[in-house]
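# Structural features, examined
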Amino acid sequence: MDRAQMRQWALARREAIVPEVRRAWDAAIWQGVKEILAALPAAQPWIGGYWAVRAEPDVLTPLAAWTARRGMGLALPAALQKAVPLVFRPWSPGAPMTRDVFGLPVPAGEEAVWPAVLLVPLVAFDAAGYRIGYGGGFYDRTLAAYRAAGRPVTAIGVGYECTRLPDTHPGVHDLPMDWIVTEAGAFQPAARKRA
Ligand SMILES: Nc1nc2c(c(=O)[nH]1)N(C=O)[C@@H](CNc1ccc(C(=O)N[C@@H](CCC(=O)O)C(=O)O)cc1)CN2
Ligand SMILES: Nc1ncnc2c1ncn2[C@@H]1O[C@H](COP(=O)(O)OP(=O)(O)OP(=O)(O)O)[C@@H](O)[C@H]1O
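None of these values were measured; they are calculated from a predicted model.

### What to know about the site of ligand 2
- The environment of ligand 2 is made up of 16 residues, and the closest members are Arg 3, Arg 131, Gly 133, Gly 137 and Phe 138.
- Residue Arg 131 places a side-chain N or O atom 2.8 Å away from an oxygen atom belonging to ligand 2.
- Between ligand 2 and Gly 136, the relevant distance is 3.4 Å, taken from an oxygen atom to a main-chain nitrogen or oxygen of the residue.
- Out of a free accessible area of 660 Å², ligand 2 has 72% covered by protein chains.
- When contributions to the shell around ligand 2 are tallied by element, the ones reaching two or more residues are helix 1 (3-15), strand 8 (131-132) and helix 4 (138-148).

This is the structure:
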């Protein structure tokens, strides 16, 4: 399979998950994400989430409640043009929304922030922490922009076990996730594991 075929394979598997199972898996994924966030060295001013589309794991509601309780801000990505890094805009439940270049809902406010922790939706992923997304290269460009700006970032990939692959055949631009969280738990990709 090439990356486009892996993407189609994984999207089909993800869309086949029935609602009851999806609810249970999303709850388990949220538990895994929460444990990672709770163990971060310091309270973060901003966490980058995402507005779930196309059968992505949806943890936005508990994430919003959790961050609000701790006085942390939550921001959502906006793809404002093709081939540029994502911009993160502060969001809270009920905030006014507009649409980005792909028609996805994004916060209407134009303020941009740089969350040091990003939840990154995975269409498919592998044990080394590499991912396949929708093919726009947005998260890869975004992580590269953080690196170029000298801003540390923790990337937490979020996906379902049924879209795990032995090897996603990453390209030169692909940057690995620091963590991957699925319904089976949270793991640090082998290549990145530290003593
Ligand atoms: N929930 C969520 N929000 C997100 C992302 C994401 O992966 N998930 N993004 C992460 O990047 C950005 C949006 N990126 C997107 C990139 C491509 C397509 C998409 O539908 N692509 C078409 C092909 C379009 C084309 O070729 O021009 C497709 O897959 O059919 C959608 C969103 C920002 N917001
Ligand atoms: N840092 C970068 N600079 C320039 N081009 C990049 C960069 N990162 C990715 N690209 C390009 O973006 C395109 C899409 O990349 P890829 O197939 O890895 O997308 P994806 O990871 O599935 O999508 P996404 O990150 O949007 O979810 C490729 O043509 C790739 O070369």
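### Regarding the site of ligand 1
- Around ligand 1, the surrounding shell holds 14 residues, and the nearest of these are Trp 51, Arg 54, Glu 56, Lys 82 and Phe 138.
- A distance of 3.3 Å separates an oxygen atom of ligand 1 from a polar side-chain atom of Arg 54.
- Between ligand 1 and Lys 82 there is a distance of 2.9 Å, counted from an oxygen atom to a side-chain nitrogen or oxygen.
- When ligand 1 sits alone it has 680 Å² of accessible area, and the protein chains cover 72% of it.

### Some points on helix 1
- Here helix 1 is 13 residues long and its end C-alpha atoms lie 18 Å apart, about the 18 Å a rise of 1.5 Å per residue gives.
- Taken as a whole, helix 1 has its buried residues at Met 6, Arg 7, Ala 10, Leu 11 and Arg 14. Across the axial projection of helix 1, the buried residues extend over an arc of 130 degrees, all falling on one side.
- Each element contacted by the buried residues of helix 1 is listed here: helix 2 (19-38), strand 7 (124-125) and strand 8.
- Structurally, the start of helix 1 carries an N-cap: the backbone nitrogen of Ala 4 is 3.1 Å from a side-chain oxygen of Asp 2.

### Quick word on the sheet that holds strand 10 (residues 179-182)
- Here seven strands make up an open sheet; going across it, the order is 3-2-1-6-9-10-11 and the pairing mixed. Every other strand in the sheet has two partners, leaving strand 3 (87-90) and strand 11 (185-187) as the edge strands with one partner each. Sheet twist, expressed as the average angle between the axes of neighbouring strands with direction ignored, equals 25 degrees.
- Two elements, strand 2 (residues 73-78) and strand 3, share four bridges in a ladder whose sense is antiparallel. From the neighbouring strand, Ala 78 faces strand 3, where its bridge partner is Val 87.

### Observations regarding the pattern of salt bridges
- Under the criterion given, the structure shown has two salt bridges.
- Among the ionic pairs, Asp 174 bridges to Arg 3, the shortest N-O distance being 3.5 Å. With Asp 174 in the loop between strand 9 (154-158) and strand 10 and Arg 3 in helix 1, the pair connects residues that are 171 residues apart, well separated along the chain.
- Note on Asp 174: relative accessible area 11%, which makes it buried.
- For Arg 164, the salt bridge identified is with Glu 161, shortest N-O distance 2.8 Å.

### Examining the UniProt feature "binding site: substrate" (unreviewed entry) in the protein chain
- When the UniProt feature table is mapped onto this chain, "binding site: substrate" (unreviewed entry) is found at Glu 56.
- In this structure Glu 56 comes out as buried when scored by relative accessible area, which is 6%.
- When residues no more than four places from it in sequence are discounted, the contact partners of Glu 56 are Arg 14, Arg 22, Tyr 50, Trp 51, Pro 121, Tyr 134 and Tyr 160.

About the thresholds
Residues numbered from 1 in each chain as written. Chains lettered and ligands numbered in written order. Predicted model: local features only at pLDDT ≥ 70, side-chain atom pairs only at ≥ 80, totals over all residues. Heavy atoms only, no water. Near = heavy atom within 4 Å. Polar contact = N/O pair within 3.5 Å; in protein donor to acceptor, adjacent residues only side chain to side chain. Areas by Shrake-Rupley, 256 points an atom, 1.4 Å probe, with all protein chains shown as cover. Helix = DSSP H or I, 4+ residues; strand = E, 2+ residues; numbered from the N terminus. Expected span 1.5 Å × (residues − 1). Buried < 20%, exposed > 50% of the residue type's maximum accessible area, 1.4 Å probe, protein only. Arc of directions from axis to C-beta. Contact = heavy atoms within 4.5 Å. Pairing = 2+ DSSP bridges. Axes fitted to C-alpha atoms, helices over the stretch in contact; angles between N-to-C directions. Salt bridge = Lys/Arg side-chain N within 4 Å of Asp/Glu carboxyl O. UniProt positions renumbered as here; feature names shortened; annotations may be inferred.

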